[in-house]
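Listed below, chain by chain, are the residues.
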Amino acid sequence: MKIKIINGPNLNLLGRRDNHIYGKETLRDIETWLYSKVNSKDSVKWFQSNHEGQIIDEIHACIDSYDGIIINPGAFTHYSYAIRDAIESTKIPTVEVHLSDIHNREDFRKISVIKDVCIEQIFGHGKTGYLNAAKILFAYESKKRNI
Ligand code: DQA
């Protein structure tokens, strides 16, 4: 199974950004940790961008080449209808991940405009959220293959 993991703006600053909310690990630390947890027969590719258009291009590039997407769109979560439409257009099963508990922070973070085009929203589990999202996609894919 091939999974693309897409990270949005400011996540490149993990490790120095709001440590009390996001922890001390860098995005590279989380990437390395995730690779160590995933079965080697599965391909997981990591991507980060601070630019909405690049994120949309990366989502489009998954068409016909990836079986699942894990996306942490950062603040774009709360207002990017363009990213929402891109996810919907691919028809690729997508899981939304947030390191922090977006439902127990500022009000604007409680809203996700991509939630309804994702098969699940994971929040508040730190880096484990990415692994849980991968497990959800593996289970989704194996169910599909057995139908
Ligand atoms: C985040 C939550 C967003 O509200 C915020 O803008 C981020 C990170 C998270 O992983 O908890 O950049 O997506």
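The structure this text deals with has already been given above.
What counts, and where the lines are drawn
- Residues numbered from 1 in each chain as written.
- Predicted model: local features only at pLDDT ≥ 70, side-chain atom pairs only at ≥ 80, totals over all residues.
- Heavy atoms only, no water.
- Pairing = 2+ DSSP bridges.
- Helix = DSSP H or I, 4+ residues; strand = E, 2+ residues; numbered from the N terminus.
- Axes fitted to C-alpha atoms, helices over the stretch in contact; angles between N-to-C directions.
- Parallel < 35°, antiparallel > 145°, perpendicular 65-115°, else oblique.
- Contact = heavy atoms within 4.5 Å.
- Nonpolar A, V, L, I, M, F, W, Y, C, P; charged D, E, K, R; others polar.
- Near = heavy atom within 4 Å.
- Polar contact = N/O pair within 3.5 Å; in protein donor to acceptor, adjacent residues only side chain to side chain.
- Areas by Shrake-Rupley, 256 points an atom, 1.4 Å probe, with all protein chains shown as cover.
- 1 Å grid on protein atoms, 1.4 Å probe; cavity = no way out; pocket = protein on both sides within 12 Å on 5 of 7 lines; lining within 4 Å.
- Sits in = over half its atoms within 2 Å of the grid points.
- Buried < 20%, exposed > 50% of the residue type's maximum accessible area, 1.4 Å probe, protein only.
- Arc of directions from axis to C-beta.
- Phe/Tyr/Trp six-rings, centres within 6.5 Å; stacked < 30°, edge-to-face > 60°.
- Lys NZ or Arg CZ within 6 Å of the ring centre and 35° of its normal.

Undergrad: Let's hear about the sheet that holds strand E2 (residues 43-48): which residues, and what values?
TA: The sheet built from five strands is open, its strands ordered E2-E1-E3-E4-E5 with parallel pairing. Edge positions in the sheet fall to E2 and strand E5 (120-123), since each has one partner strand and no second. For this sheet, the mean inter-axis angle between neighbouring strands, taken without regard to orientation, is 20 degrees. Of the strand pairs in this sheet, strand E1 (residues 2-7) and strand E3 (residues 68-72) are connected by five bridges, and their pairing is parallel. Residue Ile6 lies in a different strand from E3, and its bridge partner there is Ile71.

Undergrad: I'd like to hear about the packing of helix H3 (residues 52-61) against helix H4 (residues 81-90), residue by residue, with values.
TA: Where H3 meets H4, the axes come as close as 9 Å, and the angle between the chain directions of the two elements is 5 degrees. As the angle between them shows, H3 and H4 are arranged roughly parallel. The residues of H4 that touch H3, namely those facing Glu52, Ile55, Ile56, Ile59 and His60, are Ala82, Ile83, Ala86, Ile87 and Thr90. The residue makeup of the contact of H3 with H4, split by class, is seven nonpolar, two polar and one charged.

Undergrad: Which residues make up the site of the ligand, and what values go with them?
TA: In the vicinity of the ligand, the contacting residues are Pro9, Arg17, Tyr22, Asn72, Gly74, Ala75, His78, His98, Leu99, Ser100, Ile102 and Arg109. Note that an oxygen atom of the ligand is positioned 3.0 Å from one of the side-chain N or O atoms of Arg17. At a separation of 3.1 Å, an oxygen atom of the ligand approaches a polar backbone atom of Ala75. Starting from 320 Å² of accessible surface for the ligand in isolation, the protein chains cover 99%. When atoms are counted within 2 Å of each cavity's grid points, the one that captures over half of the ligand is the largest pocket. Looking at the shell around the ligand, its residues break down into five nonpolar, five polar and two charged.

Undergrad: With reference to specific residues and values, describe H4.
TA: Buried residues of H4: Ile83, Arg84, Ala86, Ile87 and Thr90, and no others. Seen from one end, H4 has its buried residues packed into an arc of 160 degrees, which puts them on one side. Across from the buried face of H4, at angles greater than 90 degrees, the exposed residues are Tyr81 and Ser89. Looking at the buried residues of H4, the elements they touch are H3, E3 and strand E4 (94-98).

Undergrad: For the packing of aromatic side chains, give the residues involved together with the corresponding values.
TA: Remark: the centre distance and the inter-plane angle together describe each pair of aromatic rings, the angle taken between the planes. In total, this model carries two aromatic pairs according to the counting rule given. When the centroid spacing of 5.3 Å and the interplanar angle of 45 degrees are considered together, the rings of Trp46 and Tyr130 count as tilted. Highlighted residues: Trp46 in strand E2 and Tyr130 in helix H5 (residues 128-145), separated in sequence by 84 residues. The exposure class of Tyr130 is buried, given its relative accessible area of 0%. Between Phe76 and Tyr79, the aromatic rings sit 5.8 Å apart at their centres with planes inclined by 65 degrees, giving edge-to-face as the arrangement. Its relative accessible area of 8% is what places Phe76 among the buried residues. Seen from the ring of Tyr66, Lys2 lies directly overhead, with NZ or CZ sitting 4.7 Å from the centre.

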